[in-house]
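Examining the three-dimensional arrangement
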Amino acid sequence: MDKNKIQVNELNRLYDEIYYSNNNDVEQALELISNLISEKEYEESGIEVNDLSDIIHIAIETLEEISEIFDSEGLIDSYNFVVEKLESLQNGELDNVIEEEYSKFFDDDFIDEYGDKSEIEDY
């Protein structure tokens, strides 16, 4: 699975979470997330990820990137929201969520059904 696909997936999840939040700066935050998704969506990083711990590091990296953008734009509510999520991820509180989300991409039965790991990106 390509690194950018993981980043896009994490940004989409964050988009949904912020959409349903009570933050004062939701509209601006959603626009910035959409812009970042657009940048990453159609390009491949060339970095293949084959381990759940690498996925967690990419999720952390992605949240750090968007938190810096929110901070530079003065979106305090959304910045704080992402920082809390980032702290939870760094403390291992979201490991089960990440594992549940991505484990199918490393499951031999899934690979047998849908093809080898290089073909999994389409699912």
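Small disclaimer: the values here were computed from a predicted structure and weren't measured. (Residues numbered from 1 in each chain as written. Predicted model: local features only at pLDDT ≥ 70, side-chain atom pairs only at ≥ 80, totals over all residues. Heavy atoms only, no water.)

1. With respect to helix α4 (residues 76–90)
- Between its terminal C-alpha atoms α4 stretches 21 Å, which fits the 21 Å expected from 15 residues at 1.5 Å a residue.
- By the burial criterion, the buried members of α4 are S78, V82, K85, L86, S88 and L89. Burial along α4 is one-sided: seen end-on, the buried residues are contained in an arc of 160°.
- Packing partners of the buried residues in α4 comprise α1 (3–19), α2 (26–41), α3 (52–73) and α5 (95–102).
- Where α4 terminates, the next one or two residues include G92, which has phi positive at roughly 85°. (Helix = DSSP H or I, 4+ residues; strand = E, 2+ residues; numbered from the N terminus. Expected span 1.5 Å × (residues − 1). Buried < 20%, exposed > 50% of the residue type's maximum accessible area, 1.4 Å probe, protein only. Arc of directions from axis to C-beta. Contact = heavy atoms within 4.5 Å.)

2. A word on the environment of I66
- Its place among the elements puts I66 in helix α3.
- By relative accessible area, which is 0% here, I66 ends up buried.
- The spacing of I66 and L32 is 34 residues in sequence and 8.3 Å in space, taken between C-alpha atoms.
- Residue contacts for I66: discarding those within four places in its chain leaves L11, L14, L32, I33, L36 and V82.

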